[in-house]
Amino acid sequence: ATLTLSLSLSTIGYLALSGSVWSQFDDQVLDYFYRRAVAAGHGVKKSRQIVYLTITDDTYRYFGKNTLDRHGLATVNDALAQLGIEAVAYDLIFARPSQPHADVRFARSIASLASVYLPIGFGLATQKTPFVWETGYAFERLRNDFLAQPLEETVGEPYYAKRASMQLDTLMLAAKGSGHISARSDEDGVYREVNMLLKIDSLAIPALTLSMFLDYVEIPFDSVKVHWG
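Description of the structure in this document.

### Some thoughts on the layout of surface pockets
And step 1. Taken as a whole, the largest pocket holds about 1,800 Å³ of empty space.
And step 2. In terms of lining residues, the largest pocket is bounded by 43 residues, among which I50, V51, A87, V88 and A89 are the most central.
And step 3. Secondary structure elements with two or more residues in the lining of the largest pocket: α3 (57-63), α4 (70-81), β1 (88-89) and α8 (208-216).
And step 4. Per-element tally for the lining of the largest pocket: the top contributor is α8, with 6 residues.
And step 5. Looking at side-chain class alone, the lining of the largest pocket contains 28 nonpolar, 8 polar and 7 charged residues.

### Focus: helix α6 (residues 137-146)
And step 1. Those residues of α6 not exposed but buried are A138, F139, R141, L142 and F146. All buried residues of α6 fall inside an arc of 155° around its axis, so they share one side.
And step 2. Summarising the contacts, the buried residues of α6 are in contact with β2 (116-125), β4 (160-165), α7 (169-174), β5 (177-180), β6 (197-200) and β7 (203-206).

### Notes on the pattern of salt bridges
Between side chains of opposite charge, a pair can form when the charged atoms approach closely.
And step 1. Under the defined criterion, the tally for this structure stands at 10 salt bridges.
And step 2. Here K65 makes a salt bridge to D69, at a shortest N to O gap of 2.8 Å.
And step 3. For K65, a relative accessible area of 36% gives the class partly exposed.
And step 4. Here R105 ties to D78 by a salt bridge, and the two come within 2.6 Å at their closest N and O atoms. Remark: D78 occurs in helix α4 and R105 occurs in helix α5 (residues 100-113); sequence separation between them is 27 residues.
And step 5. Using a relative accessible area of 29% as the deciding quantity, one classes R105 as partly exposed.
And step 6. A cluster of three or more residues bridged by salt bridges with shared partners is formed by D27, D31, D186, D188 and R192.

### With respect to helix α2 (residues 24-39)
And step 1. Here α2 spans 23 Å end to end across 16 residues, near enough to the 22 Å set by a 1.5 Å rise per residue.
And step 2. Phi turns positive, to about 85°, at G41, one or two residues after α2.

### Observations regarding the packing of aromatic side chains
And step 1. For the structure shown, the criterion picks out 8 aromatic pairs.
And step 2. Ring geometry for F94 against F106: centres 5.0 Å apart, planes inclined by 70°, an arrangement best described as edge-to-face. Residue F94 is located in the loop between β1 and α5, and its partner F106 is located in helix α5; the two are separated by 12 residues in the primary sequence.
And step 3. Three or more aromatic residues joined by ring pairs form one cluster here, namely F122, F131, W133 and F139.

### Overview of the packing of α4 against α5
And step 1. It is the contact of α4 with α5, at a shortest axis distance of 8 Å, that shows an interaxial angle of 15°. With respect to α5, the axis of α4 lies roughly parallel. Considering only the axes of α4 and α5, their crossing is left-handed. Contacts from R70, H71, L73, A74, T75, N77, D78, L80 and A81 of α4 reach α5 at H101, A102, D103, R105, F106, S109, I110 and L113.
And step 2. Taken together, the residues of the contact of α4 with α5 break down into 8 nonpolar, 5 polar and 4 charged.

Parameters at a glance
Residues numbered from 1 in each chain as written. Predicted model: local features only at pLDDT ≥ 70, side-chain atom pairs only at ≥ 80, totals over all residues. Heavy atoms only, no water. 1 Å grid on protein atoms, 1.4 Å probe; cavity = no way out; pocket = protein on both sides within 12 Å on 5 of 7 lines; lining within 4 Å. Points joined across faces, edges and corners; volume = space filled by probe spheres on them. Helix = DSSP H or I, 4+ residues; strand = E, 2+ residues; numbered from the N terminus. Nonpolar A, V, L, I, M, F, W, Y, C, P; charged D, E, K, R; others polar. Buried < 20%, exposed > 50% of the residue type's maximum accessible area, 1.4 Å probe, protein only. Arc of directions from axis to C-beta. Contact = heavy atoms within 4.5 Å. Salt bridge = Lys/Arg side-chain N within 4 Å of Asp/Glu carboxyl O. Expected span 1.5 Å × (residues − 1). Phe/Tyr/Trp six-rings, centres within 6.5 Å; stacked < 30°, edge-to-face > 60°. Axes fitted to C-alpha atoms, helices over the stretch in contact; angles between N-to-C directions. Parallel < 35°, antiparallel > 145°, perpendicular 65-115°, else oblique. Left-handed = near helix turned anticlockwise from the far one by under 90°.

So, in structure tokens, the structure goes:
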């Protein structure tokens, strides 16, 4: 009885201090079983409709450069445009200008491809906080084209965006769509979750992948029903 009482008090004390029934040990156990499942071929299968283009040493050798400028990226966009690609997502934020002619060439290739989604990075807060709006066409597109108010059918504890790491104005104007690529790691530094939407003031922005999916199935973001986890 004394041992049971001691263990109960210890458990209660831990929960009171951590504020959760979930521990880092629980995450690591799930990681172990997930790795086992993937190794056994039971994980999520890659879709044949999705092609991942990565920058490798062969890329630099192909272009004959030790850096990959936006002229090269424009050439890639031009090639993709000839293949009838349904959507292209960049996992890069082009926040600063490069050579003016390269930026113009890249922006034109994005507009010509007509299916490019450029992401936005956000600083996150766990409590509601005012978003820092800046000037420029990119922020205007964020306000007018990418934010909406989906129907929240349950009360949750979403992440709030505090500020944005934004694409160049000319590039964002040429892009078809956008979405966020922000995430917070667990206490052990591992990223285990994707936030499907973030709150910006009273509105929300979907993750980049969700934004692309909604456009693909022709569902407006503001018609989505949200059940918070």
